[in-house]
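Residues per chain are reported as follows:
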Amino acid sequence: MNNPSKTRSLVYVGMTVALLAVSAWVAIPLGPVPFTLQTFVLTFALLVLRPGECFAALCAYLALGAIGVPVFSGMRGGLGMLVGPTGGFLWGFVLGAVVAFLMLILVKRKILVARQSGAVHAGRRVETVGELAACVAFLLVSYLCGWVQLMLVAGLSPLAAFLAAIAPFVVPDIVKLVAAVAVARAVRKAVPSIRRRKDCSNPS
C-alpha cells in the first residue's frame, strides 16, 4: 500500500506551491522585474523534492497563475503575466529545473561510484559542488529565458534587457542560492526520511 507515500507527495507539492506564491508576494520593485524570494524557495525545492514532485509544484503554480489566481509577484495573476515582458523568467523555472535535475542525476551517479570505491569524503565534495553547480545552471537558464522574452516583448536591446532584468539580481540571487543549498542540506540531514526519498527517487 503506497497511499501514505502519495499523500506525503501531495502535501509536499501543495506546500511548495504555497511557498512559491508567498515568496512571490514578498516583492521589492527593481525595474521591470521585482526582487522576490522565489530563487530561495525554488533552489530548496530542487534539492529536497523528488523530480516529479518539483515539476508538479512548478506546473501547478504556473497553471494557477495562468487562470488568474494571484500567485505571481505583486499578488497578480493571469495569462498576461506568462506572455508579458517578464514571463520568460516564469517559464524559465521549468526549463531550468529540467537542466538542474539532469545535472543532479549525474552527480548522484558520481557519488555512487565514489562510495563504491570507498572515497566517502570525495563523494561528499562531489555532492556539495554538484548541487551548487546544478542550482547555478537552474538560475542561468531562468535568466536566459527571461532575458530573451523581455527583449522580444518589450523591444529592448540585449544590453538594455540585461541591465534592467538580470544585472541587479545576480549577487542577491547567488546569496539566496547558497543559503537555500545550505538549508536544504541541513533539512535532509535533520530529516532522514527526506534524504532516503531523494536517494531512492527514480531519475526518470
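Structure shown above.
Residues numbered from 1 in each chain as written. Predicted model: local features only at pLDDT ≥ 70, side-chain atom pairs only at ≥ 80, totals over all residues. Heavy atoms only, no water.

### Notes on the overall build of the protein chain
Helix and strand counts for the protein chain come out as nine helices and zero strands. What you see in the protein chain, going N to C, is helices and strands ordered as α-α-α-α-α-α-α-α-α. Of the contacts made within the protein chain by residues no fewer than 6 positions apart, 69% connect residues no fewer than 24 positions apart. A total accessible area of about 10400 Å² is found for the protein chain, and carbon and sulfur atoms account for 75% of it. (Helix = DSSP H or I, 4+ residues; strand = E, 2+ residues; numbered from the N terminus. Contact = heavy atoms within 4.5 Å. Areas by Shrake-Rupley, 256 points an atom, 1.4 Å probe, with all protein chains shown as cover.)

### Things to note about a nonpolar patch on the surface
Residues Val136, Leu140, Val170, Val171, Ile174, Val175 and Val178 make up a contiguous nonpolar surface patch of about 560 Å² in total accessible area. When contributions to the nonpolar patch are tallied by element, the ones reaching two or more residues are helix 6 (120–154) and helix 8 (170–190). If you tally residues by element for the nonpolar patch, the top one is helix 8, at five residues. Here Val171 is to be found in helix 8. (Patch = residues over 30% accessible without salt bridge, like charges linked within 9 Å, V, L, I, M, F, W, Y side chains within 5 Å. Salt bridge = Lys/Arg side-chain N within 4 Å of Asp/Glu carboxyl O.)

### A short note on the pattern of salt bridges
Tallying each qualifying case throughout the model produces five salt bridges. When the shortest N-O distance is used, the salt bridge between Glu131 and Arg188 registers 2.8 Å. Of this pair, Glu131 sits in helix 6 while Arg188 sits in helix 8, and the two are 57 residues apart along the sequence. On the accessibility criterion, Glu131 (6% relative accessible area) is buried. For Lys176, the salt bridge goes to Asp173, with nearest N and O atoms at 2.9 Å. Of the two residues, Lys176 and Asp173 both sit in helix 8, three residues apart, roughly one turn of that helix. For Asp173, a relative accessible area of 5% corresponds to the buried category. (Buried < 20%, exposed > 50% of the residue type's maximum accessible area, 1.4 Å probe, protein only.)

### A closer look at the packing of aromatic side chains
Scanning the model with the defined rule gives three aromatic pairs in all. Pairing Tyr61 with Phe72 gives two aromatic rings, centres 5.4 Å apart and planes at 80°, and the pair type is edge-to-face. On the criterion of sequence distance, the pair formed by Tyr61 in helix 3 (residues 51–66) and Phe72 in the loop between helix 3 and helix 4 (79–83) is long-range, its members being 11 residues apart. Residues Tyr61 and Phe72 agree in their burial class; the two are buried. Here the aromatic rings of Phe93 and Phe138 are separated by 6.2 Å at their centres, their planes lie at 25°, and the arrangement is stacked. With Phe93 in helix 5 (residues 87–116) and Phe138 in helix 6, the pair connects residues that are 45 residues apart, well separated along the chain. (Phe/Tyr/Trp six-rings, centres within 6.5 Å; stacked < 30°, edge-to-face > 60°.)

### Looking at the side chain of Thr16
For Thr16, the position within the fold is in helix 1 (residues 3–25). Thr16 has contacts with Ala45, Leu49 and Ala57, leaving out every residue within four places of it along the chain.

### Some words on the nonpolar core
Within soluble globular proteins, side chains that are nonpolar tend to cluster in buried spots. Counting 43 residues, the largest nonpolar core has Leu46, Cys54, Leu58, Tyr61, Leu62, Phe72 and Leu90 as the members making the most contacts within it. Secondary-structure elements contributing two or more residues to this core are helix 1, helix 2 (38–48), helix 3, helix 4, helix 5, helix 6, helix 7 (158–165) and helix 8. Sort the elements by how many residues they give to this core and helix 5 lands first, with eight residues. (Core = buried A, V, L, I, M, F, W, Y, C linked by side-chain atoms within 4.5 Å.)

### What to know about the packing of helix 1 against helix 3
Packed helices, taken two at a time, are described by the angle between their axes plus the distance between the axes. The contact between helix 1 and helix 3 brings their axes to 9 Å, and the two run at 50°. Taken together, the axes of helix 1 and helix 3 are oblique relative to one another. Considering how the two elements wind past one another, helix 1 and helix 3 form a crossing that is right-handed. Two secondary-structure elements touch here, helix 1 through Ser9, Tyr12, Val13, Thr16, Val17, Leu20, Ala21 and Ala24 and helix 3 through Glu53, Ala56, Ala57, Leu58, Ala60, Tyr61 and Leu64. Partitioning the contact of helix 1 with helix 3 into residue classes produces 12 nonpolar, two polar and one charged. (Axes fitted to C-alpha atoms, helices over the stretch in contact; angles between N-to-C directions. Parallel < 35°, antiparallel > 145°, perpendicular 65-115°, else oblique. Left-handed = near helix turned anticlockwise from the far one by under 90°. Nonpolar A, V, L, I, M, F, W, Y, C, P; charged D, E, K, R; others polar.)

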